[in-house]
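A look at the structure
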Amino acid sequence: MRRKIIAGNWKMNPGAADFKNLCQDICSQLESEEPNCEVLICPPFPYIVSMLETAKGSALQIGAQNAYFEQKGAYTGEVSPQMLSDLSVNYVILGHSERRKYFGETDAFLRLKVDAALEVGLPVIFCCGESLEERESDSQAEVVGKQLRKALFHLSEESFAKVVIAYEPVWAIGTGKTASPQQAQEMHEFIRTLLSKNVSQKTAEACRILYGGSMKPANAAELLSQKDVDGGLIGGASLKANDFLAIVKTAG
Ligand code: PEP
């Protein structure tokens, strides 16, 4: 039985005045009602240390939104997996479509980042997903398959135990358009089949595959009830404690 994960990606939000309140609201709710799933927030880097303090002793886990592929050195502006691991950060998101689009991150570059995170034992949430154009030309399976093959399929079964995949159709991120539960299930099942063929049956059965793209309280139940959907990666709705916690409740 795969334990679901509800992960919030705060991106470059919220403001410094609000993040503590939001974190505290989430922690206190999780304390009064122990969730039956993993709950994670990935704040901007400057908030991580304070959030780890606030979340100590609660069920809330803290993740990072990015990391570099070197562990130290003259790389101005970058943060290494080793640094995040030293802070006891729980996960790092890699390959988000915004990193691919605005920062030119390629699958080959992401492979290096995945390896660097796993080298220090930092669990990875690896994002994949097709653009609207690719969906309209029915090439989503080819696109996602290639992203996974180039960045992940060199990993051993042992390394894969620390990898979570997030399927995030780019056309559904921040747009209010959600993949239908059937579209999500179809892609998640396809990813699981690829895992069984390219890594192992054990990995295919154990790997958590999250859906991301305009998930909110109103659509979470149907998406999360799909057989191969093991949780959600949530942007906009994770910035409202009530909405985020409603999705957590739906997940278990
Ligand atoms: C995301 O950024 O990963 C995401 C899914 O955003 P949203 O929920 O706002 O579509």
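Conventions adopted
- Residues numbered from 1 in each chain as written.
- Predicted model: local features only at pLDDT ≥ 70, side-chain atom pairs only at ≥ 80, totals over all residues.
- Heavy atoms only, no water.
- Phe/Tyr/Trp six-rings, centres within 6.5 Å; stacked < 30°, edge-to-face > 60°.
- Lys NZ or Arg CZ within 6 Å of the ring centre and 35° of its normal.
- Near = heavy atom within 4 Å.
- Polar contact = N/O pair within 3.5 Å; in protein donor to acceptor, adjacent residues only side chain to side chain.
- Areas by Shrake-Rupley, 256 points an atom, 1.4 Å probe, with all protein chains shown as cover.
- Nonpolar A, V, L, I, M, F, W, Y, C, P; charged D, E, K, R; others polar.
- Helix = DSSP H or I, 4+ residues; strand = E, 2+ residues; numbered from the N terminus.
- Buried < 20%, exposed > 50% of the residue type's maximum accessible area, 1.4 Å probe, protein only.
- Contact = heavy atoms within 4.5 Å.
- Axes fitted to C-alpha atoms, helices over the stretch in contact; angles between N-to-C directions.
- Parallel < 35°, antiparallel > 145°, perpendicular 65-115°, else oblique.
- Left-handed = near helix turned anticlockwise from the far one by under 90°.

**A word on the packing of aromatic side chains**
- For the structure shown, the criterion picks out six aromatic pairs.
- Positioned over the ring face of Phe103 is Arg99, at 3.9 Å from the centre of the ring.

**Overview of the site of the ligand**
- The ligand sits among 14 residues. The nearest are Lys11, Glu168, Gly174, Ser214 and Gly235.
- Here His96 contributes a side-chain N or O atom positioned 2.9 Å from an oxygen atom of the ligand.
- Backbone polar atom of Gly174 to an oxygen atom of the ligand: 2.6 Å apart, as the coordinates give it.
- Burial of the ligand by the protein chains amounts to 96% of its free accessible area of 290 Å².
- Here the shell around the ligand is composed, by residue class, of four nonpolar, eight polar and two charged.

**What about the environment of Gly176?**
- Residue position: Gly176 is located in the loop between strand E6 (163-167) and helix H9 (181-198).
- With a relative accessible area of 48%, Gly176 lands in the partly exposed category.
- For the pair Gly176 and Gly236, spaced 60 residues apart in sequence, the C-alpha to C-alpha distance is 9.5 Å.
- Leaving out residues up to four positions away in the same chain, Gly176 has contacts with Ser214 and Lys216.

**A few points about the side chain of Gln71**
- For Gln71, the position within the fold is in the loop between strand E3 (60-64) and helix H3 (81-86).
- At 2.9 Å, the side chain of Gln71 forms a polar contact with the backbone oxygen of Ala116.

**Observations concerning the packing of helix H5 (residues 107-119) against helix H7 (residues 140-151)**
- For the pair H5 and H7, interaxial distance at closest approach is 8 Å and the crossing angle is 45 degrees. With respect to their mutual orientation, H5 and H7 come out oblique. At the point where H5 passes H7, the crossing takes the right-handed sense. Seen from H5, the contacting residues are Asp107, Leu110, Arg111 and Val114; seen from H7, they are Lys146, Gln147, Lys150 and Ala151.

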